[in-house]
Amino acid sequence: MKRVIIILSYFLTFWGWISSHSIWAEPFTLADGTVIEALKVQRDRGIVKSIEVSYTSPISISTPWGTVPAVGPIFLYPSGRIQKVTLGNVAAFQERTAVLGTPFGSLTVKDEITFYENGSVANLSFKGIHQIPTPLGIVPALRATFYPSGSIMDLGILSWNPPALRFQSQVVTVTELEFHENGTVKYAQFKGSPTISTPGGNMQVERVWFYDNGNIKGVVPTQTVLLAGPSARVNSNLKIPARSIDWYSPGELRYIELANPVLYPTPYGNRMVSGTLYWYPDGKEKELNFALDPPEITLAALGLHKIKVSYLTFYSDGSIETCSFPELTPIQTPAGKVETRYLTFYPKGALKYVNLSDAGEAGKEFPLKTPLGVLKAGWSVAFYDNGNLEHLSFLPKTAHEVNTPVGKAWVEDMVSFYPGGALKKVQLSTATELPTPLGVLPLDWELEFYPEGTVKKAQIGWDPRLGEPKKVKLPGLQEAFIARFGFYPSGTLQFAELLEEGVFGGIQCRKYDVLLFDEVGKLAGKESPLWFYKDSEKD
């Protein structure tokens, strides 16, 4: 008996080795046509995510800078192109390295290489320190990130021995360095506090950002600096204590992060402001934080007078874009009364969006008039510029019965409408049998309509209380299990996502492939779910 157990143990160990090292490997063709032996192919909704490579057959992966040996899993983009490979070959003890001939010299890289979808290299880790040429000088680096074009994005600089580089006619020690795609410096962090020339004058700085034309974009001074803001044109004595500063490319101030609150001239008089001051290129205020000294203003669109505000942003013409109140404030919307601390306006003053989350977290709901009747808003409400309701969000974990163009249904999350008032979309809270051009089906999740009220997009859900899942008869084809589907305005089926493999109209399909139909209902082809839904979301 003992001998049998030992033999069985050896057999199971051998079988496990065979299973993982793979006599059973199958050929798999990569996007560039390279055929490799794959032990296992992992898919998600029909899209290949990764491939386990056979350790008995080393593979070579082509890169723009040479061919590299690879072992271990290969990760793919949904398009099939390689996203990441692990370097190495059959011998597990062998070092996982490769040599690439790059525009920056010959680089010995280690561990893994990641790629952009266009095939260019995204990230490299170096074996040892490599000297990389940059516009500021030679930089010793341990890693590099690249743009899809192949130019350097950033370098991993040695923390224990940062390089001394020439910057603005002086030598500075740089600890971090990033570049624009055109090769100019994007960001630098210094060791020490070099004095550099900025649009706001000479400053000792820790960090500096640049535009791709070389102009300074922003700095973090080593110490608080006093800077004249755009409003200094009317108050020459005004000096703003700045913790960080940002400029538009020609040199006009974009924002100042305040080191401490300051008395500042605003459209509502001199006020204590804090946080960050933002301006438009012409010097007009873009953002003001009045948390310490809220002014009383008039919001004519809401019929509010002498209402305190803690935060405002403005359009370029000076009209209010967003508004925050210090506390929950009742307001009148085109759909009814609500309480809010934050809302936004259209440029001409019409109410655009109202955030109800502060009230919602306290369990408050607000009955509002909608094209579907009175519904209780709990999280947000939005309007078109003509005053019609755009969407209404409910309190989380609540369901509401509404009349849709195809019947009554319980919905959650939100309902949305077209500018003319027709129902656009609902989020069903449970599988509900509703009529569609394909018959009465248990619909769930998103249900979308055309302005005329016909179903545009829907999804089948399964509820055990409704019985077993049912196959759907597809026009001119056999029955099939489907998930999401959609129609043309005429009611003709436009697409259907399969939940099974099979041959449909002579087309071999995988699970989750999307069948496409023309406007007369004839099968026109198929598409992968990723690309189809990526494109359809633009509609």
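What counts, and where the lines are drawn
- The written sequence of each chain sets the order in which its residues are numbered from 1.
- Local features in this predicted model are restricted to residues whose pLDDT is 70 or higher, and side-chain atom pairs enter the listing and the counts only when it is 80 or higher, whereas totals over whole chains, interfaces and linings include all residues.
- The side-chain numbers reported here are obtained from all heavy atoms of the structure, hydrogens and water having been left aside.
- Helix and strand definitions follow DSSP, with helices as H or I runs of at least four residues and strands as E runs of at least two, each counted in order from the N terminus.
- Exposure classes here rest on a 1.4 Å probe applied to the protein chains alone. A residue is buried below 20% of its type maximum, exposed above 50%, and partly exposed in between.
- Only the protein chains shown count as cover for residues, with accessible areas throughout obtained via the Shrake-Rupley method and a probe of 1.4 Å.
- Any two residues whose heavy atoms approach within 4.5 Å at even a single point are treated as in contact.
- At least two DSSP bridges between two strands are required for those strands to pair.
- The residues that make up patches have over 30% relative accessible area and no salt bridge, and they are joined within 9 Å when like-charged or within 5 Å when they are Val, Leu, Ile, Met, Phe, Trp or Tyr.
- A pair is scored as a salt bridge if a Lys or Arg side-chain nitrogen falls within 4 Å of a carboxyl oxygen belonging to Asp or Glu.
- For this analysis, a polar contact is any N or O atom pair within 3.5 Å, provided that within protein one partner can donate a hydrogen and the other can accept it, and provided that sequence-adjacent residues contribute only side-chain to side-chain pairs.
- Confidence per residue, as judged by the predictor, is encoded in pLDDT with a range of 0 to 100.
- Only rings of Phe, Tyr and Trp enter the pairing, Trp through its six-membered ring, and a pair is recorded when the two centres are within 6.5 Å. The plane angle decides the type: under 30 degrees is stacked, over 60 is edge-to-face, the rest tilted.

**Overview of the overall build of the protein chain**
Reasoning step 1: Within the protein chain, the regular secondary structure consists of three helices and 47 strands.
Reasoning step 2: The burial tally for the protein chain puts 45% of its 539 residues in the buried class.
Reasoning step 3: Looking at the protein chain as shown, the accessible area adds up to about 27,400 Å², and 52% of this sits on carbon and sulfur atoms.

**Thoughts on the environment of G66**
Reasoning step 1: Note that G66 resides in strand 5 (residues 66–76).
Reasoning step 2: Taking C-alpha positions, G66 is 7.9 Å from V99, a pair spaced 33 residues apart along the chain.
Reasoning step 3: Those residues within four positions of G66 in sequence are excluded, and the remaining contacts are I61 and L100.

**Thoughts on the pairing of strand 42 (residues 482–487)**
Reasoning step 1: With five of its six residues buried, strand 42 lies for the most part within the structure.
Reasoning step 2: Bridge analysis of strand 42 against strand 43 (residues 493–498) gives four bridges, and the strand direction is antiparallel. Bridging across to strand 43, F485 finds its partner in A496.
Reasoning step 3: Linking two consecutive strands that pair antiparallel, namely strand 42 and strand 43, is a turn of five residues; a positive phi of about 100° is found at G491 within it.

**Some thoughts on a nonpolar patch on the surface**
Reasoning step 1: A surface patch of nonpolar side chains, about 310 Å² in accessible area, is lined by I129, L142 and W160.
Reasoning step 2: The topology assignment puts L142 in strand 10 (residues 137–146).
Reasoning step 3: Residue class for L142 comes out partly exposed when judged on its relative accessible area of 31%.

**Side note on the pattern of salt bridges**
Reasoning step 1: A complete count under the given rule lists 11 salt bridges for this structure.
Reasoning step 2: One salt bridge connects D246 with R254, and the closest N-O pair in it is separated by 3.1 Å.
Reasoning step 3: Accessibility expressed as a relative area gives 4% for D246, which makes it buried.
Reasoning step 4: The class for R254 is partly exposed, based on a relative accessible area of 27%.
Reasoning step 5: Residue K425 is joined to E446 by a salt bridge in which the shortest nitrogen-to-oxygen separation is 3.9 Å. With K425 in strand 37 (residues 423–436) and E446 in strand 38 (residues 439–449), the pair connects residues that are 21 residues apart, well separated along the chain.
Reasoning step 6: The exposure class assigned to K425 is partly exposed, which follows from its relative accessible area of 26%.
Reasoning step 7: Each of K217, D246 and R254 takes part in salt bridges that share partners, so that together they form one network.

**A closer look at the side chain of S324**
Reasoning step 1: Here S324 shows up in strand 28 (residues 320–333).
Reasoning step 2: In this structure S324 comes out as buried when scored by relative accessible area, which is 12%.
Reasoning step 3: Filtering out sequence-adjacent residues up to four positions away, S324 remains in contact with V309, S310, Y311, R341 and Y342.

**Some points on the side chain of S380**
Reasoning step 1: For S380, the location among the structural elements is in strand 33 (residues 380–383).
Reasoning step 2: Owing to a relative accessible area of 5%, S380 belongs among the buried residues under this scheme.
Reasoning step 3: A polar side-chain atom of S380 sits 3.2 Å from a polar atom in the side chain of H391.
Reasoning step 4: Leaving out residues up to four positions away in the same chain, S380 has contacts with Y353, V354, L356, H391, L392 and S393.

**Considerations on the confidence of the model for the protein chain**
Caution applies to low-pLDDT parts of the model: their predicted coordinates are not meant to be read in detail.
Reasoning step 1: Mean pLDDT over the protein chain works out to 84, with 88% of the residues at or above the 70 mark.
Reasoning step 2: Here helix 1 (residues 2–21) stands out as the least confident element of the protein chain, with mean pLDDT 44; strand 11 (residues 152–157) is the most confident, with 93.
Reasoning step 3: Low pLDDT, under 50, characterises residues 4–23; the predicted model gives this stretch 13 contacts beyond four residues in sequence or across chains.

**Topic: unusual backbone geometry**
Reasoning step 1: A positive phi angle, close to 65°, is found at S169, a residue other than glycine.
Reasoning step 2: Inspection of the secondary structure assignment puts S169 in the loop between strand 12 (164–167) and strand 13 (170–179).
Reasoning step 3: The phi angle at Y512 is positive, at roughly 80°, despite the residue not being glycine.
Reasoning step 4: Positionally, Y512 belongs in the loop between strand 45 (507–509) and strand 46 (514–517).
Reasoning step 5: According to the relative accessible area criterion, Y512 is buried, its value standing at 18%.

**Overview of the pairing of strand 11**
Reasoning step 1: Summarising burial for strand 11: five of the six residues are buried, a large majority.
Reasoning step 2: Across four bridges, strand 10 lies against strand 11 in antiparallel orientation. Looking across to strand 11, one finds that T145 is bridged to D154.
Reasoning step 3: Between strand 10 and the antiparallel strand that follows it, strand 11, lie five residues; G150 among them carries a positive phi value of about 105°.

**Structural notes on the environment of V121**
Reasoning step 1: One can find V121 in strand 9 (residues 121–134).
Reasoning step 2: For V121, a relative accessible area of 1% translates into the label buried.

**Structural notes on the packing of aromatic side chains**
Reasoning step 1: Under the defined criterion, the tally for this structure stands at 10 aromatic pairs.
Reasoning step 2: Here F167 and F210 contribute two aromatic rings whose centre-to-centre distance is 5.7 Å and whose plane-to-plane angle is 70°, an arrangement assigned as edge-to-face. Here F167, found in strand 12, pairs with F210, found in strand 16 (residues 201–210); they are 43 residues apart in sequence, far enough to count as distant.
Reasoning step 3: A residue is classified by how much of its surface remains accessible, and F210, at 8% relative accessible area, is buried.
Reasoning step 4: With centroids separated by 6.3 Å and ring planes inclined at 75°, the aromatic side chains of Y268 and F290 adopt a geometry described as edge-to-face.

**Re the environment of Y268**
Reasoning step 1: Mapping Y268 onto the fold places it in the loop between strand 21 (262–266) and strand 22 (269–273).
Reasoning step 2: For Y268, a relative accessible area of 26% puts it in the partly exposed group.
Reasoning step 3: Excluding its chain neighbours within four sequence positions, the residues that come into contact with Y268 are F290, P295, I297, L312, F314 and I320.

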